[in-house]
Amino acid sequence: MATMIIEGDRTKAASGKTYEVRNPATGEVVDEVPAGGPADVDKAAQAAAKAFTTWSKLPANQRREILHKATQHMLSKVEDIAPVLTKEQGKTLLESRLEARRFGENIGWFADLADKIHGQYVRLPDLTTYGLVVRRPIGVCGAIVPWNFPLTLAANKVAPAIAAGNTVVLKPASTTPLATLLCIEALIEGGLPEGVVNVVLGQATGEAIVAHPLIRKIALTGSTPTGKRVMAKASETLKKVTLELGGSDPCIVLDDADLEGAARAISVGRFFNCGQQCLSTKRLYVQEGAYDALMEKLVARAAKLKPGNGLDKDSRMGPMHTETQRAEVEAQLKEAVDRGAKVVFGGGRPEGSEYERGWFIEPTIVENVPDGARMWTEEVFGPALPVRKIKDLDEGLRLANDTQFGLGSSIWTANMAAAHRAVQELEAGYTWVNSIVIAHDELPFGGTKQSGFGKEHGVEAFMQYTEEKSVVYGGV
Ligand code: NAD
């Protein structure tokens, strides 16, 4: 049985309760884990606060070296971690390997910033005094993670937090705790001091983290409704919050675009991870002259995405993560079809005995989805893509911005003026121009509108795990 990790110890829940983690491809139990609660969060927060007193005071170059060494050890375990991620989450082994590697790379990227925290000297009117602005770590940070990218989204929070000298209480999603535990365990085996990252498990630990008085900052990735609840609760103890929430990213393709490149990017953008991505091409707007050719290419690509158990090397798309999640996507699709949408590819569940026990779904492309349909107005968190013909860029931009969300966006065109206009006018935290939708370590990532605020990735995320403090030196 897997356990929580508190102050380096493998810990059961104080209540003694457990729950099962199941494989979305087969329904089989992968492992049983502790169902933690407020008492366990308290223990983890105390451990993190204790570790903060030494970790935050360590010379930054030592912190950097410790993190690099721990990361190397963790990266040597990718082949052990990846199948566990596939079994608990459903994604293909290739996707799991990429994700496990990204976990380590992310820790390494931020480790290099550990000794690059700079402040300011400020001249004051009274020349016998001067001011400084120093940056200090915040303290204990809570990291709350969803199930779609358990490792990537944990690393996005843990990496900048610990590089800046903070300590962490980490809560994976209830259904995907196992690979995360292996990653943190590997970091500890590789030399990360005990208590710097503590992992608590179980649904009830999320709210307890947000409420805990020792925890000073919350970084949540999750749905928009969860973000609103977390922000309201965090206000009671005035915690800082970073919210990476839902999205419904538009992609505009103009007549002059490289359609082969666009089709590849859209296919990855919509179908990678069985479409369960925050940053993802969720609404496609294609100019009339490119429409037929692009649809043909998209259908050809979708046809190659064989659904299957992620452990099977022939599978190109794993199952959806839960029955509820699949039912939600199917309901969104049905509503569109009932209102006149036409399924161009997929639209159902794959048939065959190998699909009977898992939450499989076909990659799906639909057109003629009417205005106001759920596929346009809500987040579609699965592999179903609504496509609409547009006359010109004006129409594309109007439709693209007609959403409560503002996470990612993309445009494909050979016209630099059109691309520049889209960059200026698309209401989103990220715009890709003629480029595949992938978040880069080097660039700050985060949403606008109801997709949240605060940044992950980049120097900006690192700085958000520090606090500025003003200092006045007198009598000089
Ligand atoms: P979710 O909001 O249900 O849960 C996310 C995490 O928050 C889980 O660990 C959950 O246990 C915890 N949680 C739930 N309620 C809580 C509460 N009241 N207090 C504290 N913690 C609480 O989301 P999910 O279904 O696991 O993930 C899918 C959602 O995440 C989608 O909307 C998706 O767009 C979003 N997402 C966003 C990004 C991004 O970076 N913007 C990335 C991936 C996923």
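It should be noted that the structure appears before, not after, this text.
Because the structure is a prediction, the values reported are computed rather than measured.

Chemist: Describe the side chain of Asp249, naming the residues involved and giving the relevant values.
Modeler: Summarising the element assignment, Asp249 is placed in the loop between strand S11 (240-244) and strand S12 (250-253). Buried and unpaired, Asp249 has no salt bridge, with Lys282 as the nearest side chain of opposite charge at 5.6 Å. Here Ser280 takes part through its backbone nitrogen, which lies 3.2 Å from a polar atom of the side chain of Asp249. There is a polar contact of 2.9 Å between the side chain of Asp249 and the backbone nitrogen of Gly408.

Chemist: Provide a residue-level description of the site of the ligand, including the pertinent values.
Modeler: Taken together, 28 residues surround the ligand, and among them Val145, Thr226, Leu245, Cys278 and Glu379 come closest. At 2.8 Å, a backbone N or O of Ser223 approaches an oxygen atom of the ligand. A distance of 2.6 Å separates an oxygen atom of the ligand from a polar atom in the side chain of Thr226. Contact with the protein chains covers 89% of the free accessible surface of the ligand, which is 850 Å². Secondary structure elements with two or more residues in the shell around the ligand: helix H7 (205-211), strand S10 (215-221) and helix H8 (224-234). Of the residues in the shell around the ligand, the class split is 15 nonpolar, eight polar and five charged.

Chemist: Talk me through the packing of helix H3 (residues 78-89) against helix H6 (residues 178-189); I want residue IDs and the actual numbers.
Modeler: Pairs of packed helices are described in terms of their axes, by the angle between the two and the distance that separates them. Two elements in contact, H3 and H6, have axes separated by 8 Å at closest approach and are oriented at 160 degrees. When the interaxial angle is binned, H3 and H6 end up roughly antiparallel. Taking contact as the criterion, the partners of Asp80, Ile81, Val84, Leu85 and Glu88 in H3 are, on H6, Leu178, Ala179, Leu182 and Cys183. Looking at side-chain class alone, the contact of H3 with H6 contains seven nonpolar, no polar and two charged residues.

Chemist: Can you tell me about the state of the cysteines, naming the residues and giving the values?
Modeler: Within this structure, the stated rule accounts for zero disulfides. There is no disulfide at Cys251, and the cysteine sulfur nearest it, in Cys278, is 16 Å away. Judged by relative accessible area, Cys251 falls into the buried class, the value being 1%. No disulfide involves Cys274; its sulfur sits 15 Å from that of Cys278, the nearest cysteine. Residue classification places Cys274 among the buried residues on the basis of a relative accessible area of 2%.

Chemist: Which residues make up the nonpolar core, and what values go with them?
Modeler: Phe103, Ile162, Val169, Leu170, Ile184, Leu192 and Val197 are the most contacted members of the largest nonpolar core, which totals 76 residues. When residues in this core are grouped by element, the largest group, nine residues, is from helix H5 (residues 150-163). Sequence-distant contacts of Val197, that is, excluding residues within four places in its chain, are made with Val158, Ile162, Val168, Leu170, Ile184, Ile188 and Leu192. With 49 residues, the next largest nonpolar core counts Ile266, Ala336, Leu393 and Leu399 among its residues.

Chemist: Give a description of the sheet that holds strand S14 (residues 342-345) that names residues and reports values.
Modeler: The pairing of strands in a sheet comes from backbone hydrogen bonds and takes either a parallel or an antiparallel form. Pairing is mixed across the open sheet formed by seven strands, whose spatial order is S14-S15-S16-S13-S12-S17-S18. In this open sheet, the two strands that pair with only one neighbour each are S14 and strand S18 (432-433). Where helix H9 (residues 259-271) meets the sheet, it contacts S12, strand S13 (283-287), strand S15 (364-367), strand S16 (384-390) and strand S17 (410-412), and its direction lies at approximately 165 degrees from that of S12.

Chemist: Which residues make up the pairing of strand S7 (residues 140-144), and what values do they have?
Modeler: In terms of burial, S7 is a largely internal element, five of the five residues being buried. Bridge count between S7 and strand S8 (residues 167-171): five bridges; the pairing is parallel. Within S8, the position partnered with Ala143 by the bridge is Leu170. In terms of handedness, the path from S7 via H5 over to S8 forms a crossover that is right-handed. The sheet contact formed by S7 and S10 spans five bridges and is parallel.

Chemist: Give a description of the pattern of salt bridges that names residues and reports values.
Modeler: Applying the stated criterion across every chain yields a total of 31 salt bridges. Ionic pairing is found between Arg135 and Glu468, a salt bridge with its closest N-O pair at 3.1 Å. Remark: Glu468 occurs in strand S20 (residues 466-473) and Arg135 occurs in strand S6 (residues 130-137); sequence separation between them is 333 residues. Judged by relative accessible area, Glu468 falls into the exposed class, the value being 53%. Between Glu335 and Arg339 there is a salt bridge; the shortest N-O distance is 3.3 Å. Overall, the relative accessible area of 41% leaves Arg339 in the partly exposed class. Sharing partners across several salt bridges, the network here consists of Arg64, Glu65, Asp115 and Lys116.

Chemist: Please set out the packing of aromatic side chains residue by residue, giving values where relevant.
Modeler: Taken as a whole and assessed by the stated rule, the structure comprises nine aromatic pairs. The interplanar angle of 15 degrees and the centroid separation of 6.4 Å between the aromatic rings of Phe149 and Phe272 together place this pair among those described as stacked. With Phe149 in the loop between S7 and H5 and Phe272 in the loop between H9 and S13, the pair connects residues that are 123 residues apart, well separated along the chain. The exposure class assigned to Phe149 is buried, which follows from its relative accessible area of 13%. Of the residues examined, Phe272 reaches a relative accessible area of 26% and is grouped as partly exposed. Judged by centre distance (4.0 Å) and plane angle (5 degrees), the ring pair of Tyr430 and Trp432 falls under stacked.

Parameters at a glance
Residues numbered from 1 in each chain as written. Predicted model: local features only at pLDDT ≥ 70, side-chain atom pairs only at ≥ 80, totals over all residues. Heavy atoms only, no water. Helix = DSSP H or I, 4+ residues; strand = E, 2+ residues; numbered from the N terminus. Buried < 20%, exposed > 50% of the residue type's maximum accessible area, 1.4 Å probe, protein only. Lys, Arg positive; Asp, Glu negative; His and termini not counted. Salt bridge = Lys/Arg side-chain N within 4 Å of Asp/Glu carboxyl O. Polar contact = N/O pair within 3.5 Å; in protein donor to acceptor, adjacent residues only side chain to side chain. Near = heavy atom within 4 Å. Areas by Shrake-Rupley, 256 points an atom, 1.4 Å probe, with all protein chains shown as cover. Nonpolar A, V, L, I, M, F, W, Y, C, P; charged D, E, K, R; others polar. Axes fitted to C-alpha atoms, helices over the stretch in contact; angles between N-to-C directions. Parallel < 35°, antiparallel > 145°, perpendicular 65-115°, else oblique. Contact = heavy atoms within 4.5 Å. Disulfide = S-S within 2.5 Å. Core = buried A, V, L, I, M, F, W, Y, C linked by side-chain atoms within 4.5 Å. Pairing = 2+ DSSP bridges. Right-handed = clockwise from strand over helix to strand, strands pointing away. Phe/Tyr/Trp six-rings, centres within 6.5 Å; stacked < 30°, edge-to-face > 60°.

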